[in-house]
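# What the coordinates show
Each chain is listed here by its residues.
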Amino acid sequence: MSDLARLQQQFVAFLQGQQSDFPQLIGDQPPVATDIRLNIYHNAYRMRLRETIDNDHPMLGKYLGDEFYDILVANYIDTYPSKVKSLRYFCDAIPTLLAEQQPFIEHPILSPLAAFERALLTAFDATDASTIGINDLASLPGDQWPNITLSFHPSVSVFEEPINAVATWQHLKSDKNPPAPLAHELPLYWLIWRTPERLTEFRNFMAPEMVLLKHFVNGGNFADGCDALAEYLPVDEIPQFAVQYLQQWLTNGLVSKLTAH
Amino acid sequence: MINDHFLGFGLGLRIPHFEDVLNTEHNVDWFEILTENYMVGGGKPRYYLEQVAERFPIVMHGVSMSVGSTTPLDTQYLNHLKQLINDVKPRWISDHLCFTQANGVNSHDLLPLPYTEDAINHVAQRIMQAQDHIGQQMLIENVSSYLTYKESGMTEWEFYNEVCQRADCLMLLDINNIYVSARNHQFDANDYINAIDGKRVRQIHLAGHTDYGDYVIDTHDHDVCDPVWDLYRAAVKKFGAVSTMIERDDDIPPFTNLVDELNIAKRIAHEELPDLSQWNKEQVHV
Ligand SMILES: [Fe+2]
């Protein structure tokens, strides 16, 4: 290994708080002690990563309170050092850490709360695409309905919560005390998307709408989608509900493309 | 003589200022964006950038190419960069004379290199590779530093000049970084400016820092201080008209405050360069 490579490895190991010979490479420049010089870098490294967590996870921070938040930040920086060039992705493993490390693992609300915050961020800067409106549906000849497929705006995602994470997030967001954590018997589903005005939105939706949406996301057509709903709805009411869901998506600006085959 | 690359006086484009940049009258000539912040698919940042780019020249400033690293250049990053260059069509792009990662870990900091012949060879080679990959010349910026290495055998400015000459790249001279490093390493900032190869200087950064007495930290959260304005004057005397901007990244004041601060730079440049009154920014937009 070249001297330059070794120096760089030692510098980064030092930033991470690992044992390293790095201090021996530093020139003595009084009156500022080498320790102080080194600490400027060490502190800057941790501060920058901490600010990234602050920015990405304000509600998680509020929920945890200072003491637990400090533990999270310290553990996260040590366990998941940044492997990415953009800080945009640095916090991606926060939900994982919260689900696997003490003391956080004792509080099953934490990981979904963090995952919801990340899902909102993902929608915020997802790729752009144009969307179509309800009029594009009106002009569709009736005999083409069974074969239509849909493409959704890249910001559209489904957040599945096993516990009241979104309600907790909403309370924290409006500076109210969060409700007690309450696991759901069956998961709740949230639809997240970015509006044409570039605002991130979400709403709760029920299993049939979620199933139909996922069916379209996977490339399925309208007729097969209706079949998939038979498990959830009386057969004679299916087409009416399916059309309603579709209209709602178009009105919300979720659909980029409707293809009649 | 004002050269063709002179864009006038600019600011770093910051999120809280998006609306002011687009919807208020101001005399800012151009904007610099932080490359990595726009390496996302879409949404608000890209939307505003598109609008700003329609009306003002844009330059791109990266923080993570890590031209000094000893691991292979990240071609995925360079491909993203190329894509963004294609979308944004900046006047030029820049990154820093430093390394940012090792052991697969990104420090998200601009870490100083040792000033050695080995490092010059290595970094110049990498800058050339990067320039080849993106198909254009880059600007390389001097960073602030808080330590020096025992093995360094030359001054920072000798190192900087030599790297840029061998790589045939351009310079983004950060006057505040020169000041910060001069204070931290007790050299004369004027020696630095006097030694710089003027024909390579394409852009100037100005910024504020935090002064701890014995040392200074480059925080970009204060106004530009008087000694840095004095150095800027010296730089203008030496280099002539160079596209100049203020970087502000923290404690971001209202847009109009930064415009006022930028007008100080403008005034200094006009005092030192009578030719500048002939310059008209419409020339740039053509
Ligand atoms: Fe700079």
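All values reported here derive from a predicted model rather than from experimental measurement.

### Topic: the nonpolar core
The biggest cluster of nonpolar side chains holds 149 residues, and the ones touching the most others in it are Phe11(A), Phe31(B), Leu81(B), Leu173(B), Leu206(B) and Tyr232(B). At eight residues, the largest contribution of residues to this core is made by helix H3 (residues 58-79) of chain A. For Leu173(B), the contacting residues outside a window of four places in its chain are Asn142(B), Tyr160(B), Ile178(B), Tyr192(B), Ile196(B), Val201(B), Gln203(B), Ile204(B), His205(B) and Phe239(B). By size, the runner-up hydrophobic cluster in this structure holds 30 residues, among which are Leu213(A), Ala242(A), Leu246(A) and Trp249(A).

### Digging into the environment of Ala129(A)
Residues and elements named next belong to chain A. Within the secondary structure, Ala-129 sits in the loop between helix H5 (110-124) and helix H6 (135-138). For Ala-129, a relative accessible area of 35% translates into the label partly exposed. Along the chain, Ala-129 and Lys-257 lie 128 residues apart, while their C-alpha atoms are 9.6 Å from each other.

### Let's talk about the interface of chain B and chain A
When the parts come together, some accessible area is lost, and that loss is often what is quoted as the size of the interface. With 48 residues of chain B in contact, the opposing surface of chain A contributes 46 residues. Roughly 4,000 Å² of surface becomes buried between chain B and chain A when both sides are summed, with 60% attributable to carbon and sulfur atoms. The interface formed by chain B and chain A contains one salt bridge. Across the pair Arg48(A) and Asp109(B) runs a salt bridge whose closest N-O atoms are separated by 3.8 Å. Linking chain B with chain A are 22 residue pairs in polar contact (both at pLDDT 80 or more). Put simply, the parts of the chain that give the side of chain B that touches chain A at least two residues each are helix H2 (44-55), strand S5 (99-102), strand S6 (105-111), helix H4 (117-134) and helix H6 (175-185) of chain B. Residues belonging to the side of chain B that touches chain A are distributed by class as follows: 20 nonpolar, 21 polar and seven charged.

### Describing the coordination of the iron ion
Residues and elements named next belong to chain B. On the protein side, the iron ion has Glu-141 (OE), Asp-174 (OD), His-205 (ND1) and Glu-247 (OE) as donor atoms, found 2.0 to 2.3 Å from it. For the iron ion, the four donor atoms are set out with angles of 84 to 171° between them, so the coordination reads as irregular. Each donor residue of the iron ion belongs to the same chain, and together they define the spacing E-x32-D-x30-H-x41-E. Within this pair, whereas Asp-174 is found in strand S8 (residues 170-174), its partner His-205 is found in strand S9 (residues 201-207), the two being separated by 31 residues in sequence. We classify Asp-174 as buried; its relative accessible area is 0%.

### A few points about the packing of aromatic side chains
If you walk through the whole model with that rule in mind, you get 28 aromatic pairs over all chains. Ring plane angle 20° and centroid distance 5.4 Å describe the contact between Tyr212(B) and Tyr215(B), whose orientation is recorded as stacked. Three or more aromatic residues joined by ring pairs form one cluster here, namely Phe11(A), Phe14(A), Phe22(A), Tyr41(A), Phe99(B), Tyr146(B) and Tyr149(B). The lysine or arginine in question, Lys85(A), covers the ring of Tyr77(B), its NZ or CZ lying 5.2 Å from the ring centre. Positioned above the aromatic ring of Tyr47(B) is the side chain of Arg198(A), whose terminal nitrogen or guanidinium carbon lies 3.3 Å from the ring centre.

### What to know about the confidence of the model for chain B
When pLDDT is averaged along chain B, the result is 95; 99% of the residues meet or exceed 70. Among the prediction metrics, the complex's ipTM stands at 0.94, with pTM recorded as 0.93.

### Side note on the environment of Cys225(B)
Residue and element names in this part refer to chain B. Examined against the element boundaries, Cys-225 turns out to sit in the loop between strand S11 (216-217) and helix H8 (226-239). Judged by relative accessible area, which is 21%, Cys-225 ranks as partly exposed. Along the chain, Cys-225 and His-270 lie 45 residues apart, while their C-alpha atoms are 19 Å from each other. Setting aside chain neighbours within four positions, we find Cys-225 in contact with Tyr-179 and His-209.

### So, the sheet that holds strand S4 (residues 200-205) of chain A
All names here are of chain A. Pairing is antiparallel in the open sheet, where three strands are placed in the order S2-S3-S4. Both edges of this open sheet fall to strand S2 (157-163) and S4, since each of them pairs with a single strand only. When strand polarity is set aside, the average angle formed by the axes of neighbouring strands in this sheet is 30°. Relative to S4, strand S3 (residues 183-194) runs antiparallel, the two sharing six bridges. Opposite Trp-190, over in S4, you have Asn-204 as the bridge partner.

### Some details on the pairing of S5(B)
Residues and elements named next belong to chain B. In this sheet, S6 lies alongside S5 in antiparallel orientation, the contact comprising three bridges. Along S6, the bridge assignment pairs Ala-102 with Val-105. Taking the residues between adjacent antiparallel strands as the criterion, S5 and S6 are bridged by two residues, where Asn-103 takes a positive phi near 55°.

### Brief notes about the side chain of Ser243(B)
Residues and elements named next belong to chain B. Among the secondary structure elements, Ser-243 is positioned in strand S12 (residues 243-247). At 2.8 Å, the side chain of Ser-243 forms a polar contact with the backbone nitrogen of Leu-7. For Ser-243, the contacting residues outside a window of four places in its chain are His-5, Phe-6, Leu-7, Gly-8, Trp-30, Trp-92, Arg-202, Gln-203 and Ile-204.

### Here's the deal with the pairing of strand S1 (residues 9-12) of chain B
All names here are of chain B. Side chains Phe-9 and Leu-11 project from S1 onto one buried face, and the interleaved Gly-10 and Gly-12 project onto a second face that is buried too. As paired strands, S1 and S12 are joined by three bridges and run parallel to one another. Bridge pairing links Leu-11 to Ile-246 in S12. Across three bridges, S1 lies against strand S2 (residues 30-34) in parallel orientation. For Gly-12, the partnering residue across the bridge sits in S2 and is Glu-32.

Reading guide: rules and limits
- Residues take numbers from 1 onward in each chain, read along the sequence in its written order.
- Written order determines the labels here, with chains lettered from A and ligands numbered from 1.
- It should be noted that, the model being predicted, local features are given only for residues of pLDDT at least 70 and side-chain atom pairs only at 80 or more, the latter also being counted only at that level, while totals for whole chains, interfaces and linings use all residues.
- The side-chain numbers reported here are obtained from all heavy atoms of the structure, hydrogens and water having been left aside.
- To define a nonpolar core, start from buried Ala, Val, Leu, Ile, Met, Phe, Trp, Tyr and Cys residues and group those joined through side-chain atoms within 4.5 Å.
- We call a residue buried when its accessible area falls under 20% of the maximum for its residue type, exposed when it is over 50%, and partly exposed in between, using a 1.4 Å probe and counting protein chains only.
- For helices the rule is a DSSP run of H or I covering at least 4 residues; for strands it is a run of E covering at least 2, with both sets numbered from the N terminus onward.
- We call two residues in contact when some of their heavy atoms are within 4.5 Å.
- Buried area: the accessible surface (1.4 Å probe) lost by two parts on joining, summed over both.
- Take a side-chain nitrogen of Lys or Arg and a carboxyl oxygen of Asp or Glu: if they are within 4 Å of each other, that pair is a salt bridge.
- Whenever a nitrogen or oxygen atom comes within 3.5 Å of another N or O atom, the pair is scored as a polar contact, on the condition that within protein one atom can donate a hydrogen and the other can accept it, and that pairs from neighbouring residues in sequence are kept only if both atoms are in side chains.
- Note on residue classes: Ala, Val, Leu, Ile, Met, Phe, Trp, Tyr, Cys and Pro are nonpolar, Asp, Glu, Lys and Arg are charged, and everything else, Gly too, is polar.
- The rule for donors is simple: an N, O or S atom within 2.8 Å of the metal counts, and for Na, K and Ca the reach is 3.2 Å. Water is not among the atoms, so a site may look short of donors.
- Key to geometry: four donors with every angle between 85 and 135 degrees are tetrahedral; four donors are square planar and six octahedral where opposite donors lie over 155 degrees apart and all remaining angles lie between 65 and 115; all other sites are irregular.
- Here a Phe, Tyr or Trp ring, Trp counted by its six-membered ring, pairs with any other such ring whose centre lies within 6.5 Å, and the pair is stacked when the planes are under 30 degrees apart, edge-to-face when over 60, and tilted otherwise.
- By definition here, charges over rings are those cases where NZ of Lys or CZ of Arg is within 6 Å of the ring centre and within 35 degrees of the ring normal.
- Confidence scores here are pLDDT values: one per residue, from the predictor, ranging 0 to 100.
- Here a strand pair is declared whenever DSSP counts at least two bridges between the two strands.
- Angles run from 0 to 180 degrees between N-to-C directions of axes, and those axes are lines fitted to C-alpha atoms, restricted for helices to the stretch in contact.

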